[in-house]
Amino acid sequence: MDRKELEEKIIELVAMSYNKDASELSVDTNMKEELSGASVLMVGLISEIENELDVMIQLADAAACKTIGELVDKVEAEL
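Residues numbered from 1 in each chain as written. Predicted model: local features only at pLDDT ≥ 70, side-chain atom pairs only at ≥ 80, totals over all residues. Heavy atoms only, no water.

Undergrad: If you had to explain the packing of helix H1 (residues 3–18) against helix H5 (residues 68–78) to someone new, which residues and values would you point to?
TA: Two numbers describe how H1 lies on H5: the axes approach to 10 Å, and their chain directions differ by 120 degrees. What the angle tells us is that H1 and H5 run oblique. Here the hand of the crossing between H1 and H5 comes out right-handed. Of H5, the residues touching H1 (which contributes Arg3, Leu6, Glu7, Ile10, Ile11 and Val14) are Ile68, Gly69, Leu71, Val72, Asp73, Val75 and Glu76. Class assignment of the residues belonging to the contact of H1 with H5 gives a composition of eight nonpolar, one polar and four charged. (Axes fitted to C-alpha atoms, helices over the stretch in contact; angles between N-to-C directions. Helix = DSSP H or I, 4+ residues; strand = E, 2+ residues; numbered from the N terminus. Parallel < 35°, antiparallel > 145°, perpendicular 65-115°, else oblique. Left-handed = near helix turned anticlockwise from the far one by under 90°. Contact = heavy atoms within 4.5 Å. Nonpolar A, V, L, I, M, F, W, Y, C, P; charged D, E, K, R; others polar.)

Here it is, written out as structure tokens:
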């Protein structure tokens, strides 16, 4: 999976987890400001990423990401 495909997949998973339209999201989307939600949403997102992409991501690492792009970087490093 190349970087672009990974970005698209994670944006799709973020959109699903946060009940957003994927077309409104990008790698520059600020996770805390634009996707503010309960931490349970982040737990769900991490679970989906782990299931879909077969990687292990620490919740604390994912929660520390400012943007979707940073989350993609973390996932890419684990692939």
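Let us keep going from here.
Undergrad: So, the nonpolar core: which residues are in play, and what are the values?
TA: Formed by 23 residues in total, the largest nonpolar core has its most connected members in Ile10, Val14, Leu45, Ile49, Ile68, Leu71 and Val75. The set of elements that each furnish at least two residues to this core consists of H1, helix H3 (39–53) and H5. Sorting elements by how many residues they give to this core places H1 first, with seven residues. (Core = buried A, V, L, I, M, F, W, Y, C linked by side-chain atoms within 4.5 Å. Buried < 20%, exposed > 50% of the residue type's maximum accessible area, 1.4 Å probe, protein only.)

Undergrad: I'd like a description of the pattern of salt bridges, backed by residues and values.
TA: Pairing is possible between side chains that carry opposite charge, provided their charged atoms lie close to one another. The full count for this structure, using the stated rule, is five salt bridges. Note that Glu7 is salt-bridged to Arg3, the shortest N-O span being 2.9 Å. Highlighted residues: Glu7 and Arg3, both in helix H1, separated by four residues, approximately one helical turn. On the basis of relative accessibility, which here comes to 27%, the residue Arg3 falls in the partly exposed class. As a salt-bridge pair, Glu12 and Lys9 come within 3.3 Å of each other at their nearest N and O atoms. Linking Glu12 with Lys9, this pair stays in helix H1, spanning three residues, or about one helical turn. One network of salt bridges, in which partners are shared, links Arg3, Glu7, Asp73 and Glu76. (Salt bridge = Lys/Arg side-chain N within 4 Å of Asp/Glu carboxyl O.)

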